[in-house]
Amino acid sequence: MLQSVEPETGKPPSPEVLPPAGRTRTPMERTKLVLKALLQTALAFAILFGAFKGMNQLIATRPDVPKRPVQEKSYAVETTTVQQGDYAPLISVYGQTQAGREVDLRALVGGEIVEVHPDLKAGGKVERGDTLVVIDRFDYEGAVTEARANLAEAQAALVENEGRVALEKANLVRAGEQLEFAQRDLERAEELLGRGAATERTVDDRKLIVSQRQQSVERSENTLALEEAKVVQQKATVERLEWRLENAQRQLENTVLTAPFDAIVRSSAAEPGRLISVNDAIVSLYDSSEFEVRLTLSDNQYGRLLEDSGTVVGRPVDVIWYLGDQPVTYPATVTRIGADVASDRGGVDLIARIDASDAAVPLRPGAFVEVAVPDRTYANSFRIPETAYYGQGTIYVVEDNRLQARSVNALAIDDGFILVRGDLNSGETLLVTRIPEAGEGLLVSDVNAEQPAANQAAEPADQSAAVAQ
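None of the values given here were measured: they were computed from a predicted structure. (Residues numbered from 1 in each chain as written. Predicted model: local features only at pLDDT ≥ 70, side-chain atom pairs only at ≥ 80, totals over all residues. Heavy atoms only, no water.)

Peer 1: Provide a residue-level description of the sheet that holds strand β12 (residues 281–287), including the pertinent values.
Peer 2: Read from one edge to the other, the open sheet built from four strands follows the order β5-β12-β10-β7, with strand pairing classed as antiparallel. Looking at the sheet topology across the chains shown, the edges are occupied by β5 (102–106) and β7 (125–126). Summarising the sheet, β5 and β12 pair through five bridges and their orientation is antiparallel. Looking at β12, one finds that Arg106 is bridged to Ala281. (Pairing = 2+ DSSP bridges. Helix = DSSP H or I, 4+ residues; strand = E, 2+ residues; numbered from the N terminus.)

Peer 1: Explain the sheet that holds strand β6 (residues 111–116) to me, using residue names and the numbers behind them.
Peer 2: Pairing within the open sheet is antiparallel, and its four strands lie in the order β9-β8-β6-β11. Looking along the sheet, the strands with just one partner apiece sit at the ends: β9 (256–258) and β11 (275–276). Where β6 and strand β8 (residues 131–135) come together, three bridges link them in antiparallel fashion. From the neighbouring strand, Glu115 faces β8, where its bridge partner is Val134.

Peer 1: Could you give an account of the pattern of salt bridges, naming the residues involved and the relevant values?
Peer 2: Counted by the stated rule, this structure contains 16 salt bridges. When the shortest N-O distance is used, the salt bridge between Arg353 and Glu290 registers 3.8 Å. With Arg353 in strand β16 (residues 347–354) and Glu290 in the loop between β12 and β13 (291–297), this residue pair connects regions lying 63 residues apart in the sequence. The exposure class assigned to Arg353 is partly exposed, which follows from its relative accessible area of 43%. The salt bridge involving Asp349 is made with Arg294; its shortest N-O contact spans 3.4 Å. One end of the pair, Asp349, is in strand β16; the other, Arg294, is in strand β13, with 55 residues separating them in the sequence. (Salt bridge = Lys/Arg side-chain N within 4 Å of Asp/Glu carboxyl O. Buried < 20%, exposed > 50% of the residue type's maximum accessible area, 1.4 Å probe, protein only.)

Peer 1: So what's going on with the pairing of strand β20 (residues 402–413)? Residues and values would help.
Peer 2: With six bridges joining them, strand β19 (residues 394–399) and β20 adopt antiparallel strand pairing. Directly across from Glu399, in β20, lies its bridge partner Arg402. Where β19 folds back onto β20 in an antiparallel hairpin, the turn is made up of two residues, including Asp400, whose phi is positive at roughly 55°. Across five bridges, β20 lies against strand β21 (residues 417–422) in antiparallel orientation. Residue pairing in the sheet places Ile413 in a bridge with Ile418 of β21.

Peer 1: Now, about unusual backbone geometry: what can you tell me, with residues and values included?
Peer 2: Phi at Asn279 takes a positive value of approximately 75°, unusual for a residue other than glycine. By secondary structure assignment, the location of Asn279 is in the loop between β11 and β12. Despite not being glycine, Asp415 shows a phi value in the positive range, around 50°. As for its placement among the helices and strands, Asp415 is situated in the loop between β20 and β21. When its relative accessible area of 70% is taken as the criterion, Asp415 is described as exposed.

Peer 1: Before we move on, could you go through the pairing of β21 and cite the residues and values that matter?
Peer 2: Bridging between strand β18 (residues 378–385) and β21 involves four bridges; their strand directions are antiparallel. When the sheet's bridge partners are listed, Ile384 is paired in β21 with Ile418. Between the end of β20 and the start of β21, which pair antiparallel, lie three residues, with Asp415 showing a positive phi angle near 50°.

Peer 1: Would you mind going over the packing of aromatic side chains in detail, with residue names and values included?
Peer 2: As enumerated under the stated definition, the model contains three aromatic pairs in all. An angle of 5° between the planes, with centres 5.5 Å apart, marks the rings of Tyr94 and Phe368 as stacked. Remark: Phe368 occurs in strand β17 (residues 368–374) and Tyr94 occurs in strand β4 (residues 90–99); sequence separation between them is 274 residues. A relative accessible area of 52% means that Tyr94 is categorised as exposed. Assessed through its relative accessible area of 61%, Phe368 is described here as exposed. Arranged with centres 5.3 Å apart and planes meeting at 80°, the rings of Tyr390 and Tyr396 form a pair that is edge-to-face. Under the relative-accessibility criterion, Tyr390 is labelled buried at 11%. Taking the relative accessible area as the measure of exposure, Tyr396 reaches 10% and is therefore buried. Sitting over the ring of Tyr378, Arg376 keeps its end group 4.7 Å from the ring centre. Positioned over the ring face of Tyr390 is Arg434, at 4.0 Å from the centre of the ring. (Phe/Tyr/Trp six-rings, centres within 6.5 Å; stacked < 30°, edge-to-face > 60°. Lys NZ or Arg CZ within 6 Å of the ring centre and 35° of its normal.)

Peer 1: Explain the nonpolar core to me, and be specific about the residues and the numbers.
Peer 2: Among the nonpolar cores identified, the biggest contains 33 residues, and Leu120, Val126, Leu132, Val133, Ile282, Val283 and Leu285 are the most heavily contacted of them. Other than its neighbours up to four places away in sequence, Leu285 contacts Glu102, Val103, Leu105, Val126, Leu132, Pro260, Ala263, Ile264, Val265 and Arg266. (Core = buried A, V, L, I, M, F, W, Y, C linked by side-chain atoms within 4.5 Å. Contact = heavy atoms within 4.5 Å.)

Peer 1: Run through the packing of helix α2 (residues 138–195) against helix α3 (residues 200–253), naming residues and quoting values.
Peer 2: In the contact formed by α2 and α3, the axes pass within 6 Å of each other and the chain directions differ by 165°. Relative to α3, α2 is oriented roughly antiparallel. Between α2 and α3 lies a crossing whose hand is left-handed. A breakdown of the residues in the contact of α2 with α3 according to their chemical character gives 27 nonpolar, 15 polar and 19 charged. (Axes fitted to C-alpha atoms, helices over the stretch in contact; angles between N-to-C directions. Parallel < 35°, antiparallel > 145°, perpendicular 65-115°, else oblique. Left-handed = near helix turned anticlockwise from the far one by under 90°. Nonpolar A, V, L, I, M, F, W, Y, C, P; charged D, E, K, R; others polar.)

Peer 1: Which residues make up a nonpolar patch on the surface, and what are the values?
Peer 2: A grouping of Val34, Leu35 and Leu38 is seen on the molecular surface, where their side chains present a nonpolar patch of about 300 Å² in accessible area. Note that Leu35 resides in helix α1 (residues 27–61). On the basis of relative accessible area, Leu35 is assigned to the exposed category, the value being 53%. (Patch = residues over 30% accessible without salt bridge, like charges linked within 9 Å, V, L, I, M, F, W, Y side chains within 5 Å. Areas by Shrake-Rupley, 256 points an atom, 1.4 Å probe, with all protein chains shown as cover.)

Peer 1: Give a description of helix α4 (residues 299–309) that names residues and reports values.
Peer 2: Since the α-helix turns once every 3.6 residues, residues separated by three or four places project in the same direction. For α4, the full list of buried residues reads Gln301, Tyr302 and Leu305. Buried residues of α4, viewed axially, fall in a sector of 100°; they line one side. Those residues of α4 that are exposed and aimed more than 90 degrees away from the buried face are Asp299, Asn300 and Glu307. Trailing α4 by a residue or two, Gly310 shows a phi angle of about 85°, which is positive. (Arc of directions from axis to C-beta.)

Right, dumping it as structure tokens:
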């Protein structure tokens, strides 16, 4: 029969550890095992009790450690010095730029386009007086030549008629003289007849001569009137032909289309060889130096501006055009108010003229821009950061590194700032940093005041280091 052995000693296990196979422990063996377990437990409790007593002894005999005094917590904050003055917040609205002056040039005469300005394309720039389009001049030059010739003929005929008038006037003078002589001769004949020295026949002959001379005078008067009428008629003809010559010259001038001002080409339909008719649209231009912006103010905003100055015309504004992340600012001035109330947009339209003469970036119509309009001016107010305003009107000033609560009234908001009036004086130091625990008497330290002191303390060390080098 095989017997098990212990792997370390090679000896059979003790009866307490492993009972022989096929039998159970005796009561004596179980009692020994229980006593052994109780002994081990008592030993463990003795060790724990000794450790506990030793720890209490060490705690009781340890030396007293000096306690640190409780220090008041100080908050590092930023401050600003307030100044009382007349402040006007900015009204930020949006608008759209438009051309201040634009024109559509149309053909005043018809014909074939023979010449076009090289920059006459959308976006091209032309200067005042530049020749934009030239129409074939042949027919119009011929019309001028014909009108000039007709006028010359009419003027020559007028000179001829005026000469006839002068001749008839001279004939009338001579006929009048002859009539006068005949009348005198008749008077003498009648005197002689009364004295019996002349016959009746002689007197009748003298009367016939007077009648003939009278008829000659009347004929000359009628002829003179006819010739003068011809002169008047010819003068009318000359005036009509002068107008025709002027019109022909003007038509000839209209074959050349020039730029009325420095402009940017918006659109063009001119091409060499194109046949155009009168009133055909050729090119659209807008002034390159005159731009406007149309913006809309609400009724409240418009009312405040009227209350402030009585009018909005002449008020300066800033036009901001964002090109990517870079804003470009143009000064502008309100020149007029919209003709109608913009009911669809809920306000009043204003039109401001933009001064883009010194702008680094040229402006274009149709740009969506931001417009900063100065609001009404609040006299004797303070402009403080929004972070300095607590609750319903509480601010904190710093005196001797401690906060003091003050009460103010908010007047208006101005792009991260608030305009206020109240218990505040010029030159006082205002708390700017937002502190949830802010309250009366809280200890603070101004970081802006500490930095200069630190810089001054560092200067001697830097100078000594420089000397050492």
